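# Survey of secondary and tertiary structure
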Amino acid sequence: MVVGMEVHTELLTKSKLFCGCANHFGSEPNTNVCPVCLGLPGSLPVLNEDAVELAMRIGMALHCTIAPSTFHRKNYFYPDQSKDYQISQYDLPINSGGYLDLPDGTRISIERAHMEEDTGKSTHIGGSGRLAGADRSLVDYNRCGVPLVEIVSGPDIRSSEQARAYAAELRGILIATGASDGRLEEGSMRFDANVSVRRTGEPFGTRCEIKNLNSLRSLQRAIDYEALRQIELIEEGGTVRQETRHWDEGRGETSTLRVKEDAEDYRYFREPDLVDLAPSQEWQDRVRAALPAMPAQRRSDLEARIANITPAQKDAVVVVIDLGLENFVNAVADAGGDVAIAVSRCANELAANVEALGNLTVDAFVATIAMEAGGELSATQSKQVLAELLTSGGDPRSIAAAKGFEQLSADTMGSMVAELIEKHPDEWQRYKDGDDKLSGFFVGLAMKQTQGKANGKVVIAELQARK
Amino acid sequence: MKSAVEIAKDVQSGATTASAELAKAYDAIRARNEELNVFLHLDVEGAEKIAADVDARVARGENVGPLAGVPIAIKDNLCQIGIPTTCSSKILDGWKPPYNATVIDRLVAAGAVPVGKTNLDEFAMGSSTENSAFGPTRNPLDPSRVPGGSSGGSAAAVAADMTPLSLGSDTGGSIRQPAALCGLVGMKPTYGLVSRYGLIAFASSLDQIGPFSKTVLDSAVLLETIAGYDPMDSTSLNEPAPSLSAHVNDGVAGKRIGLVKELYEGADESVVASVMAACEALKAAGATIVELSIPELQLGLSAYYLIAPAEASSNLARFDGVRFGLRVDADDVTAMMEATRTAGFGAEVKRRIMLGTYALSAGYFDAYYGQALKVRTLLINAFKKAYEQADLLIGATTPSVAFKFGEKTDNPMTMYLNDVFTIPTNLAGDPALSVPFGTGEENLPIGIQLLGPGRSEAQLFAAARALESADGR
């Protein structure tokens, strides 16, 4: 399988690409519009410098060359494109020739990352819900003219998992640059995948482009479906036709949107209403200097803070960086706390409830991890305290007290463990003979007896002391 | 009739009022508009308010501006808030812009009073106003003849003494050619000198707004008023507006003026004679005449008729019935767009949209549009070389005096050839003007074209003024 990706991302600018209208999702239809983005006769586009800056940040984060560039007109008639042409970069994009390294080290080349304007949004009423056959269509031009960057990868991706990892990594990079909010559900990022199949070592096969995938899950499913479709087609003696295909999430299959022969002739030519774009070296230097660390760098920084890191912990680090939770981990590290515990709690408990992060202060998190590491809280108790903090905030110590998580004294624990050993001599013997798994058996019993208040670590320590 | 400069002086001094000057303008318009078809729309109420405001400011002792109380006619491809703006096309039926073109704001700020919108060839495509959906404008000097185009209405407004000033737009000669045919001064400024914001585009890389007037001084004052950087137009020159009226009497002593063979050869005898007489007059005023040949200019017409239609095919796509103007209902949106454009555009506009669409199409782009761009570069370089040998260039504006209605409508090529002398400057982005000098058949005026390198407007006005005064004006 060979996959190349085209990713459209909306830029987080205050205003649109060529006018002063607000770039804001979710406003009343046709309220963020003006003569320019409505394409009224006589209006002219003026390039938004903030959008150029964000596009440069994306290019720099993807190791692209930034070069003098131009804008073209892509001509086609469609009601949601107010001028009936789209202003887009064409043969001379602002960013070209970069790469993106996946967390597993695979390098995916980036051919270009160019600027263009978004279209409006059509709603088709009646009939099939698509343009053809609808009773009437309504157009909302709020999105028309919103700045986009289209990032085009080389045909370097070899599996749907890799495509998903690429999309996720790119999303992290776009969020880190401040260029995008990464909100897939709001259409902030949209994926097109060019999929072809071949026998290993043979030249590339004919590709099909799957358009407008808007979640990581549909991206992966659509690629798998499409590759299989092509393989079956070829094995049955057929040939793949170059075409654009639509992914139906509900039915889980792709279908023909248009074949190459029907492809529109966009009659590209230089946009005469705009001048060439050539960011000065000084401007580029300023943008580069202000570029924050990218996810790959942040992952390796975080990994370096965990001694003898395990593969599971590496996976947890990916999640922490993905969700931008490293401020919690770093605070723990800075306070001299247990980074491994912090990473694990971030990647699990915090990740499970990111919407509620506003309730959790960094200090409360640091205190909770310190209590767990110091044995004041068992892992189970620590998770419960974090859950409570995420739901309603507060102070971890008072929450622990309110839940009755007072520390069981060492004596109590010691006599309890001695008692358990006496009751289960066979298991104790096997544990003593080296079957470490049985420690879990004893921890479980201790938990049961104390209604979860026992600290598993302390139980194991007591067991080991009695070996 | 008084010049714009004289009216502004008298309004400012209290010798007359803006309201009185406006009333005179409307009297003149009402007297001949039915016969000549100059104005498509008059904004009487709005103009009276602006004039009253000018008078109030004068009464308060304010310095209103260089065009205080001067009535001005506006070509109907310039947007003015709340005023029907049609481009002389049925497709804009009923549309009223919600915003002003930058030039309108600048005019009003300088005290000028826009009186109404003038007729043009549909979307500025034509050389006679015969392509207007609302009927042709007649030449006030001889109503059996065309006023030229596409800014024919704006030229006729000044020639008929309705207003001392008007604004036109020039894509391939649409100001200079009607100025020549109506005996006026008409200037196409350096590309980017005047903001295009609010000018409904024909060919964006060629269009420029410019002045019509009876005198060179009025032309300079009007251009000064509308020129200068506009952040709303990315192609606007980011530099201070030049001082022009102060240099009108600078003269041409010591200037080298290039007489360009390709800019008069093939013109009527009377036209060629006027060009030669103009050279003599400039020589007498102290200039040196250098005879030049720029063969590349002959390629201008062909390149223009690929580049301008190509841009127009894209610029005019937005007239699709979805958001504004005419909508002809049909079963689905594509059919609606087709029906609207079929009913809304006239024959010449359709011809150019098809020509431009073809020139940009895959498989033809390199041979047509791409090739035309190369020719454009050749032309730019040829002009540059010429300006090493001469400060300004001189030639004819048009091959003949004003022609009769219907004379050139049968074959589009004969109409296109009327712009053969004016088109090259637009492709180069340089300024040029037409100034009346001499007469031809039926005593009709002949226009002399003066061309200069980018930003040479002051020198062009000085040379035009030298011809004007040699003519005893």
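Every value quoted in this text rests on a predicted model; they were computed, and no experiment measured them.

### Points about the overall build of chain B
Summing up its helical and strand segments, chain B has 15 helices and 11 strands in all. Expected size for 473 residues packed as a compact globule is a radius of gyration near 23 Å; at 21 Å, chain B falls within 12% of this value. With the principal axes as the frame, chain B shows a C-alpha extent of 65 × 55 × 45 Å. Counting every position in chain B, which comprises 473 residues, the buried fraction comes to 63%. Taking contacts inside chain B between residues at least 6 apart in sequence as the whole, the part at least 24 apart equals 76%.

### Some details on the overall build of chain A
Looking only at helices and strands, one finds 15 helices and 14 strands in chain A. Projecting the C-alpha coordinates of chain A onto the three principal axes gives extents of approximately 90 × 55 × 50 Å. Taken over 467 residues, chain A has a buried fraction of 39%. Contacts in chain A between residues at least 24 apart in sequence constitute 68% of all its contacts with a sequence separation of at least 6.

### Overview of the interface of chain A and chain B
Taken together, the contact pairs 28 residues of chain A with 34 residues of chain B. Along the lines of polarity and charge, the residues of the side of chain A that touches chain B split into 17 nonpolar, five polar and six charged.

### Describing helix α5 (residues 295–303) of chain A
Residues and elements named next belong to chain A. Pro295, Arg299 and Leu302 are the residues of α5 that are buried. Down the axis of α5, the buried side of the element spans an arc of 70 degrees, and every buried residue falls inside it. Among the exposed residues of α5, those oriented more than 90 degrees off its buried face are Gln297 and Ser300. Against α2 (160–177), α6 (311–322) and α7 (326–334) lie the buried residues of α5.

### Remarks on the domain arrangement of chain A
Residue and element names in this part refer to chain A. Each assigned domain of chain A is listed with its residue range as follows: domain 1 (2–289), domain 2 (295–402) and domain 3 (410–466). Computed over C-alpha atoms only, the centres of domain 1 and domain 2 are separated by 36 Å. Facing the eight residues of domain 1 at the interface are seven residues of domain 2. For the side of domain 1 that touches domain 2, the element with the highest residue contribution is α2, accounting for six residues. Here the side of domain 1 that touches domain 2 is composed, by residue class, of five nonpolar, one polar and two charged.

### Quick word on the sheet that holds strand β2 (residues 71–75) of chain B
Residue and element names in this part refer to chain B. With mixed pairing, 11 strands are arranged side by side in an open sheet as β1-β3-β2-β4-β6-β5-β10-β11-β9-β7-β8. Every interior strand has two partners, whereas the edge strands, β1 (39–42) and β8 (288–292), have only one. Ignoring which end each strand starts from, the neighbouring axes of this sheet average 30 degrees apart. As judged from the three bridges shared by strand β5 (residues 185–188) and strand β10 (residues 432–439), these two strands associate in the antiparallel manner. Residue pairing for β10: Gly186 is matched across the bridge by Ser434. Across the sheet, helix α5 (residues 152–159) is in contact with β1, β2, β3 (113–118), β4 (165–170) and β6 (208–213); its angle to β4 comes to roughly 155 degrees. Lying over the sheet, helix α15 (residues 457–470) contacts β5, β9 (392–396), β10 and β11 (445–451), oriented at roughly 5 degrees with respect to β10.

### So, the packing of helix α1 (residues 49–61) of chain A against helix α4 (residues 281–289) of chain A
Axes are the key here: two packed helices are described by the angle between their axes and the distance separating the axes. Residues and elements named next belong to chain A. Closest axis-to-axis distance for the α1/α4 pair is 10 Å, and the angle between their directions is 65 degrees. Looking at the two axes, α1 sits roughly perpendicular to α4. α4 is crossed by α1, and the crossing has right-handed handedness. Counting all contacts with α1, which are made through Glu53, Met56, Arg57 and Met60, the residues of α4 involved are Gln284, Val287 and Arg288. Here the contact of α1 with α4 is built from residues that sort into three nonpolar, one polar and three charged.

### A few points about unusual backbone geometry
Put simply, Gly149 of chain B and Ser150 of chain B share a cis peptide bond, and its omega is 10 degrees. Its place among the elements puts Ser150 of chain B in the loop between β3 and α5. Even without glycine at this site, Asn30 of chain A takes up a positive phi of about 55 degrees. Residue position: Asn30 of chain A is located in the loop between β1 (2–10) and α1. In this structure Asn30 of chain A comes out as partly exposed when scored by C-beta crowding, with 14 C-beta atoms within 10 Å.

### Describing helix α9 (residues 362–373) of chain A
Residue and element names in this part refer to chain A. Spanning 12 residues, α9 covers 16 Å between terminal C-alpha atoms, matching the ideal 16 Å at 1.5 Å per step. Its buried side turned inward, α9 meets α7, α8 (339–350), α10 (379–392) and α11 (396–402). Positioned one or two residues after α9, Gly375 has a phi angle of 90 degrees, which is positive.

### Remarks on the environment of Met5 of chain A
As for its position among the elements, Met5 of chain A is in strand β1. Ignoring sequence-local partners within four residues, the contact set of Met5 of chain A consists of Ser153, Ile157, Ala163, Tyr166, Ala167, Phe191 and Ala193 of chain A.

### A word on the confidence of the model for chain B
Model confidence for chain B is summarised by a mean pLDDT of 97, while 100% of its residues fall at 70 or above. For this predicted complex, the interface confidence reaches an ipTM of 0.96, while the overall pTM sits at 0.90.

### Notes on the pairing of β11 of chain B
Residues and elements named next belong to chain B. Of all seven residues in β11, seven are buried; the element is thus mostly enclosed. Covered by surrounding structure in β11 are Pro445, Gly447, Gln449 and Leu451 together with Ile446, Ile448 and Leu450, the residues of both alternating faces. Direction of pairing for β9 relative to β11: antiparallel, over a ladder of four bridges. Of the residues in β11, the one forming a bridge with Leu393 is Leu451. Sheet topology note: the β10/β11 ladder contains six bridges and is antiparallel. Looking at β11, one finds that Thr439 is bridged to Pro445.

### Some points on the environment of Ile394 of chain B
All names here are of chain B. Secondary-structure assignment places Ile394 in strand β9. Residue Ile394 is classed as buried on the basis of its C-beta count, with 25 C-beta atoms lying within 10 Å. When the C-alpha atoms of Ile394 and Val290 are compared, they prove to be 9.8 Å apart, with 104 residues separating the residues in sequence. Non-local contacts of Ile394, meaning those with residues more than four positions away in its chain, are made with Ile257, Gly258, Leu259, Val275, Ala278, Cys279, Ile448 and Leu450.

### A look at the pairing of strand β3 (residues 72–75) of chain A
All names here are of chain A. Judged from the four bridges that link them, β3 and strand β4 (residues 85–88) form a sheet pairing that is antiparallel. Counted as the bridge partner of Arg73 is Ile87 from β4. With two bridges connecting them, β3 and strand β14 (residues 269–270) associate as antiparallel partners. The residue of β14 that forms the bridge with Arg73 is Phe269.

### A few points about the environment of Leu451 of chain B
Residues and elements named next belong to chain B. With respect to the element layout, Leu451 can be found in strand β11. The spatial distance from the C-alpha of Leu451 to the C-alpha of Pro431 is 6.2 Å, given a sequence separation of 20 residues. If sequence neighbours within four positions are ignored, Leu451 has contacts with Leu392, Leu393, Thr425, Asp430 and Ala432.

### Some points on the nonpolar core
In terms of nonpolar packing, the biggest core is built from 224 residues, with Ala193 of chain A together with Val113 and Leu450 of chain B touching the most fellow members. Ala193 of chain A has contacts with Val3, Met5, Ala163, Ile210, Leu213, Leu219, Ala222 and Ile223 of chain A, leaving out every residue within four places of it along the chain. Core analysis: the second largest hydrophobic core is formed by 31 residues, Val320, Val343, Leu386 and Leu390 of chain A among them.

Analysis parameters
- Residues numbered from 1 in each chain as written.
- Chains lettered and ligands numbered in written order.
- Predicted model: local features only at pLDDT ≥ 70, side-chain atom pairs only at ≥ 80, totals over all residues.
- Helix = DSSP H or I, 4+ residues; strand = E, 2+ residues; numbered from the N terminus.
- Rg over C-alpha atoms; globule rule 2.2 N^0.38 Å.
- Buried ≥ 20, exposed ≤ 12 C-beta atoms within 10 Å, placed from the backbone.
- Contact = placed C-beta atoms within 7 Å.
- Nonpolar A, V, L, I, M, F, W, Y, C, P; charged D, E, K, R; others polar.
- Arc of directions from axis to C-beta.
- Domains from an automatic or database assignment.
- Pairing = 2+ DSSP bridges.
- Axes fitted to C-alpha atoms, helices over the stretch in contact; angles between N-to-C directions.
- Parallel < 35°, antiparallel > 145°, perpendicular 65-115°, else oblique.
- Left-handed = near helix turned anticlockwise from the far one by under 90°.
- Expected span 1.5 Å × (residues − 1).
- pLDDT = per-residue confidence, 0-100.
- Core = buried A, V, L, I, M, F, W, Y, C linked by C-beta atoms within 7 Å.

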